[in-house]
Each structure stands twice: as C-alpha cells, then as structure tokens.
Amino acid sequence: MKRLLSVILSLLFFVPLCACSSNSGSQKYTKSFLDLFDTASFVTAYDASQKAFDSHYAMFYNELETYAKLYDIYNDYDGIVNLKYLNEHAAVSPVRVDEKIMDLLAFGKEAYEMSGGRVNICMGAVLSVWHDEREKAAENPENTELPDTNLLREKAEHTDINSLVLDSENSTVYFSDPEMKLDAGAIAKGYAAEKICAYIETSGIWQSAVISLGGNIKTVGVKDKTGSPFVIGIENPDSEGDYVAKVGACNGESVVTSGDYQRYYTVDGVKYCHIIDPNTLMPAEYVSSVTVISEDSAYADMLSTDLFIMSVEDGITLVNRLENTQAVWVDKNGKKFFSSGFEKYAVE
C-alpha cells in the first residue's frame, strides 16, 4: 500500500501539472480514493466549480462503486449478487446476475481466446492459493512460504474456461465444475474504467477528465480547448518518482500497466509477484512491467497481462501486428523496449 500511495501521489502531481491549461473557462479538480478495487485511484477533471465537481464526483463514484462491488471476489454486500456469490453458489444451479457481470464474463471468455489462454478468468482456484500465501506473508513477513506445488497442480485441474456457462437469454451463470472459481483481476479494473468513462460521457458529467484505477488510466476528451492530449507518466518500476516514458493520450485512449512492483511478497530474498503464468502456475518472470496504449481500457488491461507472461521478443512481435496499439516493456535489468509505433505517443 505504501508503494501504491507513492504511485498515486506521483500521478496526482504529474497529470494535473501536465494538464494545466484552461478548458473553456473551467477549473481543474482532483480527487483520490483507496477504497475501490483494492487499489489507489484518482480522477482529475475540469468543472465549473468545486461544488459542481463534488456533485459530479458523487455520481461518478456511486457508479464506479457498483462495478467494484459486483466484481469483488472477497466481500459480500447486502442485496448484491457479485463474483464472490457466484464462486459460492453458481456450481449448485444457474444464478441470475446483473448485466454488468454478464458483460464482464463474456469479455473474459473473449480475453481467453485473444490471449491463447494466458488470461483466464477461471484461474481463481490457483490464484486463491497464491493470494492466501501473500496474506500470510503480510501478517508474518519473517515466515513466508511458496504454495505447495501439488496443491497448485490440483487446483489447476479446475480452470477450464468451458466450465463457465453463460446463458445470455436468461442472464444466468453456471459452473459445470464445482471446484472452478472466478478471478477477473486481469481485466476487471480496465473493463470498469472503460464502462465508467462511457457513463461519464453519456451522462454529461465531464467533457475533460483522466481516470486512474491503479495502473489503468483512461482519458475523456482533451486537456484544453486547443485539443492537446493529457500527458501521462509511465512509472519506472525500479525508481519511485521516475518515469520510463511520458505519453500523450486523449479522447478515450488508455494507458494500462501490469507490473511486479505493487503486489508481491518475498520468500528467501526472492520477490514473487501476483501475475501467475498458467503454464507454470508460478509468477511470470520475463519483465518488471508492461504498459499498453490502446483505445479500449478493457482490451489494454487484458493485453498488458498477456504481454507480461510472454517474452519481450514475442510481445513486440505481437504488438507490432496490432492496430491502434503500442507498448513499452521494462525487463528485470531495467532495460526498456518499445513497439515500432510508440514514438508517436512519446512526449518530452
């Protein structure tokens, strides 16, 4: 959490300073929060007054909170059928869910196909084992352990994406494998960021804003009436307050980072991050961070995870084939790698 706080502080000071021009007479306001999606987040937006911003922020927060509760796998909420409820009940019989969950899970199935199985929202049984060890380590950092290999292999037998049965007509979810569990952490924040920005635009809350949910940044409009993009710093995983690069993004473009420097624990002096390679059932070891620039935050969230668990060479080959998508990698030695069209987003 200390690292998350430093990240949000750097963004709070960096994005507003780079987006400091006037916006049709509006003023710039920023609000940070730590209580949704278990991550440090903020919104910076232009509005007519502090009172107007506070009113609009309340609308924004309430909508975003709905997504956070629905996509939560750890907590119950009165009257809400969320992912935790599904993990506990959907193997008994089909469960009717909110459209926001159906849409997320449908995208999760697409993410599985797009990533060749590397991004799998049905990996919950495996990921929960790693989560439990991280929690134990947080409580007792002097006595940390890796998960039992046999237990991981056993849980991996219950990660088949086909065990997730979606009935769009009846809006129900069913698990054909009673031991399968959902964990949408690889896509949920990006998906929510995409949806909340669509809500901002359709409801007319703000015409110019930057939303950050942890490492998922999504833009609304431009930073000033000249049409300039927002300037966003991509954090250096090896140096707090330093940046791998600065990029310009606007009009819905997203900048999404997956890294090994925020959620991890240490065993015998070795750092183990939270992003698990489904092929090895161990944390991915290729890079320290991957940042994706794309028009769609949900897609960028999926892709940043996908790229994190493949080699830099394979990742560059993949991104260079994609349209309207760029990326930057930082390997374990701090070396930077860029996709072929990245320079068009780079700013000084």
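Residues numbered from 1 in each chain as written. Predicted model: local features only at pLDDT ≥ 70, side-chain atom pairs only at ≥ 80, totals over all residues. Heavy atoms only, no water.

Draft legend 1. Spatial organisation of the sheet that holds strand 3 (residues 95-96). Taken in spatial order, the 3 strands line up as 3-5-4 in an open sheet, and their pairing is antiparallel. At either end of the open sheet lies a strand with only one pairing partner, and these are strand 3 and strand 4 (164-167). The pairing of strand 4 with strand 5 (residues 172-175) spans 4 bridges and is antiparallel. When the sheet's bridge partners are listed, Leu-164 is paired in strand 5 with Phe-175. The strands touched by helix 4 (residues 99-114) are strand 4 and strand 5; relative to strand 4, the strand with the most contacts, the crossing angle is about 130 degrees. (Pairing = 2+ DSSP bridges. Helix = DSSP H or I, 4+ residues; strand = E, 2+ residues; numbered from the N terminus. Contact = heavy atoms within 4.5 Å. Axes fitted to C-alpha atoms, helices over the stretch in contact; angles between N-to-C directions.)

Draft legend 2. Here's a closer look at the pattern of salt bridges. Evaluation of the coordinates by the stated rule reveals 10 salt bridges. Note that Glu-194 is salt-bridged to Lys-218, the shortest N-O span being 2.8 Å. Here Lys-218 lies in strand 7 (residues 216-220) and Glu-194 lies in helix 7 (residues 188-203), a separation of 24 residues in the sequence. Here Lys-332 makes a salt bridge to Glu-285, at a shortest N to O gap of 3.9 Å. Of this pair, Lys-332 sits in the loop between strand 16 (325-331) and strand 17 (336-338) while Glu-285 sits in the loop between strand 14 (282-283) and strand 15 (287-294); the two residues are 47 residues apart in sequence, bridging distant segments of the chain. On the basis of relative accessible area, Lys-332 is assigned to the partly exposed category, the value being 36%. On the basis of relative accessibility, which here comes to 46%, the residue Glu-285 falls in the partly exposed class. Three or more residues are tied together by salt bridges with common partners; here these are Asp-260, Lys-271, Glu-285 and Lys-332. (Salt bridge = Lys/Arg side-chain N within 4 Å of Asp/Glu carboxyl O. Buried < 20%, exposed > 50% of the residue type's maximum accessible area, 1.4 Å probe, protein only.)

Draft legend 3. Expanded view of the sheet that holds strand 1 (residues 27-33). Across the sheet, which stays open at both edges, the 8 strands sit in the order 1-2-6-7-10-15-16-17 with antiparallel pairing between neighbours. For this open sheet the edge positions go to strand 1 and strand 17, each flanked by a neighbour on one side alone. Taken over all neighbouring pairs, the strand axes of this sheet differ in orientation by 15 degrees on average, direction set aside. As paired elements, strand 10 (residues 254-259) and strand 15 share 6 bridges and run antiparallel to each other. Of the residues in strand 15, the one forming a bridge with Val-255 is Ile-293. Against the sheet, helix 2 (residues 50-70) touches strand 1, strand 2 (41-47) and strand 6 (209-213), its axis set at about 40 degrees to strand 1. Of the strands in this sheet, strand 7, strand 10, strand 15 and strand 16 are in contact with helix 8 (residues 297-308), which crosses strand 15 at around 155 degrees.

Draft legend 4. A look at the environment of Ile-276. Tracing the sequence through the fold places Ile-276 in strand 13 (residues 276-277). Put simply, Ile-276 and Trp-130 are 146 residues apart on the chain and 8.7 Å apart in space, counted from C-alpha to C-alpha. Ignoring sequence-local partners within four residues, the contact set of Ile-276 consists of Met-123, Val-126, Leu-127, Trp-130, Leu-281, Met-282, Pro-283 and Ile-309.

Draft legend 5. Region of interest: the layout of surface pockets. Its volume calculated, the second largest pocket comes out at about 180 Å³. Of all the elements in the fold, those that place two or more residues in the lining of the second largest pocket are helix 3 (83-89) and helix 5 (124-139). Considering each element in turn, the lining of the second largest pocket owes the most residues, 4 residues, to helix 5. Of the residues in the lining of the second largest pocket, the class split is 3 nonpolar, 4 polar and 5 charged. (1 Å grid on protein atoms, 1.4 Å probe; cavity = no way out; pocket = protein on both sides within 12 Å on 5 of 7 lines; lining within 4 Å. Points joined across faces, edges and corners; volume = space filled by probe spheres on them. Nonpolar A, V, L, I, M, F, W, Y, C, P; charged D, E, K, R; others polar.)

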